[in-house]
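# Coordinate inspection notes
If you want the building blocks of each chain, they are given just below.
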Amino acid sequence: DVIGSEISPLQKKIGELLKVLDDVKLRDNTTIIITGDHGFVDTDRAFSPNILLSKMGLITEEASQAEFLSTGGSAFLYVKDKKLIPSITKMLNQLPDSLKVFRIINRKQLDAIGADPSAALALAFNNGVVGRSATKGQILVNKKEGGSHGHYPDFHEIKTGFIISGGEVSQHKKVEGLGIQDIAPLIADILQLPFIAKDGKLVPNILAK
């Protein structure tokens, strides 16, 4: 019971699930995982990198030679000709400080996190900034966008939580180095099922065995 605090809908659902497990006497034989697929951050500015490509003449009403696909806190660059990458990178590096609300993530860095192999590079927006797909207008605007995700996963707020409980779980240990892609191998191991994954690993010391 939570005294003096309001119970959230999520807490209520978890409580209902635990009660059912107790009622059918399966609680001791059940492993429970509570997690999310990403964190969420408040945003107050929006950046439209395709406006920059339009100014370079790479996006016109007739055709596009390059385009940024924005996914919330990141934007991935796709080009028809890789020879365009140096000039686009130079343009981004020469922007005034007032517009540098991002870091350039190169192809090697994208490979390291398993990002889309067809993207030439990516922009990782600062905490509080999201990308937009506009090709005209103001490049950076102050705009309350609410919560967002999709940022480069290198700051605390964008990380999500992970709680695991059950008879096979190591007691009172902090889980280190776990990514969303590592949860499926963990579940497969608990269920003693074969699992072949291109991405993901079985993180040690979560289970007591």
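### Some words on the overall build of the chain
A count of helices and strands for the chain gives 5 helices and 9 strands. The order of α-helices and β-strands along the chain, N terminus first, is α-β-β-α-β-β-α-β-α-β-β-β-β-α. Computed over C-alpha atoms, the radius of gyration of the chain comes to 22 Å, more than 25% over the 17 Å expected from 2.2 N^0.38 for 209 residues, which places it beyond the range of a compact globule. The principal-axis extents of the C-alpha atoms in the chain amount to approximately 65 × 45 × 30 Å. On the chain, roughly 13,700 Å² of surface is accessible, and the fraction owed to carbon and sulfur atoms is 54%.

### Focus on the packing of aromatic side chains
We describe a pair of aromatic rings using the distance from one ring centre to the other and the angle between the two ring planes. Counted by the stated rule, this structure contains 2 aromatic pairs. Ring geometry for phenylalanine 47 versus phenylalanine 102: centroids 5.4 Å apart, planes at 55°, classification tilted. Of the two residues, phenylalanine 47 sits in strand β2 (residues 41-47) while phenylalanine 102 sits in strand β5 (residues 102-105), which places them 55 residues apart along the sequence. For the pair phenylalanine 47 and phenylalanine 102, one class covers both residues: buried. Here the aromatic cluster, defined as three or more aromatic residues joined through ring pairs, consists of Phe47, Phe102 and Phe125.

### Side note on the side chain of asparagine 50
For asparagine 50, the location among the structural elements is in helix α2 (residues 49-55). In this structure asparagine 50 comes out as buried when scored by relative accessible area, which is 1%. Setting aside anything within four residues of it in sequence, one finds asparagine 50 in contact with Ile59, Glu67, Phe68, Ser133, Ala134 and Thr135.

### Some points on the nonpolar core
Core analysis: the biggest nonpolar cluster contains 25 residues, and Phe47, Leu53, Ile88, Leu92 and Leu123 have the highest contact counts within it. Those elements giving two or more residues to this core turn out to be α2, β3 (66-70), β4 (74-79), α3 (85-93) and β6 (121-125). Ile105, Leu110, Ala119 and Ala122 belong to the second largest nonpolar core, which has 8 residues in total.

### Here we look at the environment of leucine 202
Residue position: leucine 202 is located in the segment after α5 (183-190). For leucine 202, a relative accessible area of 43% gives the class partly exposed. Between the C-alpha atom of leucine 202 and that of glutamine 181, which follows or precedes it by 21 residues, the distance is 9.7 Å.

### Focus on helix α1 (residues 9-23)
Between its first and last C-alpha, α1 extends 21 Å over 15 residues, near the 21 Å set by a 1.5 Å rise per residue. Count one or two residues on from α1 and you reach lysine 25, which has phi positive near 60°.

### With respect to a nonpolar patch on the surface
Taken together, Val20, Val24 and Leu26 make up a surface patch of nonpolar side chains, about 250 Å² in accessible area. With respect to the helices and strands, valine 24 occurs in the loop between α1 and β1 (32-35). Owing to a relative accessible area of 47%, valine 24 belongs among the partly exposed residues under this scheme.

### Quick word on unusual backbone geometry
In this structure, lysine 25 takes a positive phi of about 60° despite not being glycine. Residue placement: lysine 25 occurs in the loop between α1 and β1. A relative accessible area of 71% means that lysine 25 is categorised as exposed. Of note in this structure, glutamine 192 is not a glycine but carries a positive phi near 55°. Within the secondary structure layout, glutamine 192 lies in the segment after α5. For glutamine 192, a relative accessible area of 69% gives the class exposed.

### Quick look at the confidence of the model for the chain
Per-residue confidence for the chain averages 88 on the pLDDT scale, and 97% of its residues sit at or above 70. Taken element by element, the predicted model of the chain shows its lowest mean pLDDT in strand β8 (residues 140-148) (79) and its highest in α2 (98).

### Some details on the pairing of β4
Direction of pairing for β3 relative to β4: antiparallel, over a ladder of 5 bridges. Directly across from glutamate 67, in β4, lies its bridge partner tyrosine 78. Hairpin connection, β3 to β4: the antiparallel pair is bridged by 3 residues, and glycine 72 has positive phi, about 85°.

Thresholds applied
Residues numbered from 1 in each chain as written. Predicted model: local features only at pLDDT ≥ 70, side-chain atom pairs only at ≥ 80, totals over all residues. Heavy atoms only, no water. Helix = DSSP H or I, 4+ residues; strand = E, 2+ residues; numbered from the N terminus. Rg over C-alpha atoms; globule rule 2.2 N^0.38 Å. Areas by Shrake-Rupley, 256 points an atom, 1.4 Å probe, with all protein chains shown as cover. Phe/Tyr/Trp six-rings, centres within 6.5 Å; stacked < 30°, edge-to-face > 60°. Buried < 20%, exposed > 50% of the residue type's maximum accessible area, 1.4 Å probe, protein only. Contact = heavy atoms within 4.5 Å. Core = buried A, V, L, I, M, F, W, Y, C linked by side-chain atoms within 4.5 Å. Expected span 1.5 Å × (residues − 1). Patch = residues over 30% accessible without salt bridge, like charges linked within 9 Å, V, L, I, M, F, W, Y side chains within 5 Å. Salt bridge = Lys/Arg side-chain N within 4 Å of Asp/Glu carboxyl O. pLDDT = per-residue confidence, 0-100. Pairing = 2+ DSSP bridges.

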